[in-house]
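Chains, contacts and geometry: an overview
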Amino acid sequence: MAVNIRGKTLDVPIVQGGMGIGVSLEKLAGAVAAAGGMGTLSAAFCGFREPDFQTNSREANLRALARQIGKAKELAKGAGLVAVNVMVAAAQYADSVRAALRAGTDAVVCGAGLPKDLPGLAEEAGNDTAALAPVVSGGRSAALICKLWDRRYRRTPDFVVLEGPLAGGHLGFSPQEAREAQAGRPRPLSALLEEVLEALAPFREKYGRDIPVFVAGGVKGGTDLRRYIDQGAAGAQFATRFIATEECDASSGYKQALLDAKPGDITIVQSPVGMPGRALNSPLIQRVEEGAQPKISHCDRCLAACDWRTAPYCISRALIAAVEGDWENGLFFCGANAGEVNTLSSVREQMDQILSEWRNAP
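Let me sum up the structure you'll find in this document.

Below, the discussion takes up the overall build of the protein. Within the protein, the regular secondary structure consists of 13 helices and 13 strands. Its C-alpha atoms give the protein a radius of gyration of 19 Å, within 12% of the compact-globule value 21 Å for 362 residues. Each of the three principal axes of the protein carries a C-alpha extent, and together these read 55 × 45 × 40 Å. Within the span of the protein, comprising 362 residues, buried residues form 59% of the whole. Within the protein, counting contacts between residues at least 6 apart in sequence, those at least 24 apart form 68% of the total. Accessible surface, the protein: about 14,700 Å² in total, of which carbon and sulfur atoms supply 48%. Here the protein holds 39 positive side-chain charges and 40 negative ones, and the gap between their average locations is 4 Å.

With that out of the way, let us pick up the pattern of salt bridges. A full pass over the atoms with the stated rule returns 19 salt bridges. One salt bridge in this structure joins Arg204 and Asp210, with 3.0 Å as the shortest N-O distance. Bridged by salt links that share partners, the residues Arg58, Glu59, Asp95, Arg98 and Glu124 form one connected network.

Inspection of every chain in the model, using the stated rule, returns zero disulfides. Cysteine Cys110 remains unbridged, with the sulfur of Cys46 as its closest cysteine sulfur at 14 Å. Overall, Cys110 belongs to the buried group, its relative accessible area being 0%.

Across the six residues that make up strand β7 (residues 131–136), a large majority, six, are buried. As paired strands, strand β6 (residues 107–111) and β7 are joined by four bridges and run parallel to one another. Residue pairing across strands places Cys110 opposite Pro134, the latter belonging to β7. Two elements, β7 and strand β8 (residues 160–163), share two bridges in a ladder whose sense is parallel.

Val97, Val108, Leu162, Val215 and Leu331 are the most contacted members of the largest nonpolar core, which has 113 residues in total. With residues near it in sequence (within four places) discarded, Val97 still touches Val86, Val108, Cys110, Leu118 and Leu121. Counting residues in hydrophobic clusters, the runner-up holds 17 residues, among them Ala83, Ala107, Ala133 and Ala216.

Here the focus is the packing of aromatic side chains. With the rule as written, the count across this model stands at four aromatic pairs. Taking 5.1 Å as the distance between ring centres and 85 degrees as the angle between the ring planes, the aromatic pair formed by Phe45 and Phe53 counts as edge-to-face. Residue classification places Phe53 among the buried residues on the basis of a relative accessible area of 5%. When the ring of Phe159 is compared with that of Phe214, the centres are 5.8 Å apart and the planes differ by 90 degrees; the resulting orientation is edge-to-face. Taken together, the residues span a long stretch of sequence, with Phe159 in the loop between α5 (139–153) and β8 and Phe214 in strand β10 (residues 213–216) at a distance of 55 residues. Note on Phe214: relative accessible area 0%, which makes it buried. Site record: aromatic cluster; members linked through ring pairs are Tyr254, Trp327 and Phe332. Note that Arg227 overlies the ring of Tyr228, its terminal NZ or CZ placed 4.9 Å from the centroid. Residue placement shows Arg241 over the ring face of Phe238; its charged tip is 5.6 Å from the ring centre.

Read across the sheet, three strands follow the order β9-β13-β12 without closing on themselves; strand pairing throughout is antiparallel. In this open sheet, the two strands that pair with only one neighbour each are β9 (169–170) and β12 (266–270). Pairing of β12 with strand β13 (residues 276–280) involves five bridges; the strand directions are antiparallel. Within β13, the position partnered with Val269 by the bridge is Gly277.

You can see Thr267 is positioned in strand β12. The contact partners of Thr267, leaving out residues within four places of it in the chain, are Gly277, Arg278, Ala279, Leu280, Asn281, Ile285 and Glu289.

A word on the environment of Asp128. Tracing the chain through its elements places Asp128 in the loop between α4 (118–125) and β7. Of the residues examined, Asp128 reaches a relative accessible area of 59% and is grouped as exposed. Residues Asp128 and Arg241, 113 residues apart in the sequence, show an inter-C-alpha distance of 33 Å.

Rules behind the numbers
- Residues numbered from 1 in each chain as written.
- Predicted model: local features only at pLDDT ≥ 70, side-chain atom pairs only at ≥ 80, totals over all residues.
- Heavy atoms only, no water.
- Helix = DSSP H or I, 4+ residues; strand = E, 2+ residues; numbered from the N terminus.
- Rg over C-alpha atoms; globule rule 2.2 N^0.38 Å.
- Buried < 20%, exposed > 50% of the residue type's maximum accessible area, 1.4 Å probe, protein only.
- Contact = heavy atoms within 4.5 Å.
- Areas by Shrake-Rupley, 256 points an atom, 1.4 Å probe, with all protein chains shown as cover.
- Lys, Arg positive; Asp, Glu negative; His and termini not counted.
- Charge placed at Lys NZ, Arg CZ, Asp CG, Glu CD.
- Salt bridge = Lys/Arg side-chain N within 4 Å of Asp/Glu carboxyl O.
- Disulfide = S-S within 2.5 Å.
- Pairing = 2+ DSSP bridges.
- Core = buried A, V, L, I, M, F, W, Y, C linked by side-chain atoms within 4.5 Å.
- Phe/Tyr/Trp six-rings, centres within 6.5 Å; stacked < 30°, edge-to-face > 60°.
- Lys NZ or Arg CZ within 6 Å of the ring centre and 35° of its normal.

This is how it looks when you write it as structure tokens:
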């Protein structure tokens with residue numbers, strides 16, 4: 001089932017979610033694209049391994065992002081699509097979007113806030129071929145972004161990622177909704193999909209084209225994928241299961257932490273972004289809950305709205321610690337079903353398994 005996205009073809013209905021800092025960079029995104037899916041790099045502090053990162057993080061991030069996009073497309077060998085995920089809440093949001101578009105990314109996906117000005121940034125970058133997509137949590141946010149883009153830019157999203165309350169990382173839901181989902185009482189993703197499809201319908205009609213929706217958050221595999229496609233989705237986004245692959249850009253320590261995790265090891269955390277998130281219950285999270293986490297002594301200004309004087313921990317340092325396998329000090333984002341991931345495999349094996357289940361689903 002091929003999906004048309006702004007004139008480009010996605011051969012299989014699978015999107016790999018962007019995971020930062022450093023979990024999904026060129027190796028993972030390139031491998032997913034090479035298998036016919038949409039591989040997604042995370043722009044979040046993606047230059048953290050650059051030699052001048054500590055003294056010139058802005059330039060280091062933008063330089064690394066352009067190089068990583070080029071490498072991912074090289075690894076893709078003309079197959080699939082290569083996308084970049086940029087957090088709206090990031091201080092470098094606008095610069096990262098423009099840099100990604102100038103570097104030739106196939107798509108820009110924006111979450112952790114609504115990307116109200118994303119089409120304007122694409123115009124500034126001089127790129128009218130890349131697909132632009134918001135991450136939404138339901139029909140209300142989907143309708144809002146469509147109305148804004150329609151009124152200001154005379155365009156609609158090229159596709160939409162719908163992330164339900166069982167997703168990993170930052171969540172577009174209240175802390176209470178996130179905790180209820182973690183306790184086994186999530187708002188059904190199927191109901192949210194119905195809302196989003198209804199919200200998009202007037203804009204599909206007005207512009208005379210489809211707006212594909214990819215569902216995310218708690219989608220376990222191909223059987224779920226089949227169910228959501230039958231309901232009207234174009235496909236699904238998977239993230240956590242791709243961490244446990246040989247091609248994932250995270251360290252072996254991060255992968256092992258995920259493989260060792262049990263369902264009871266997953267918790268809801270409060271992020272300095274101002275949103276709840278889902279992560280493994282690492283020692284860092286336990287110290288924060290106990291009020292024992294040391295105060296932040298240095299701020300990298302990675303988030304536009306973060307006040308380092310009151311933030312419970314530095315999210316950029318915690319995510320870098322995680323991607324390097326530092327269990328004591330890392331923030332290990334993951335999805336609600338992370339406890340079911342227990343085998344290291346390859347991207348191709350993961351893709352083949354999902355597609356086989358999808359094709360054989362009743």
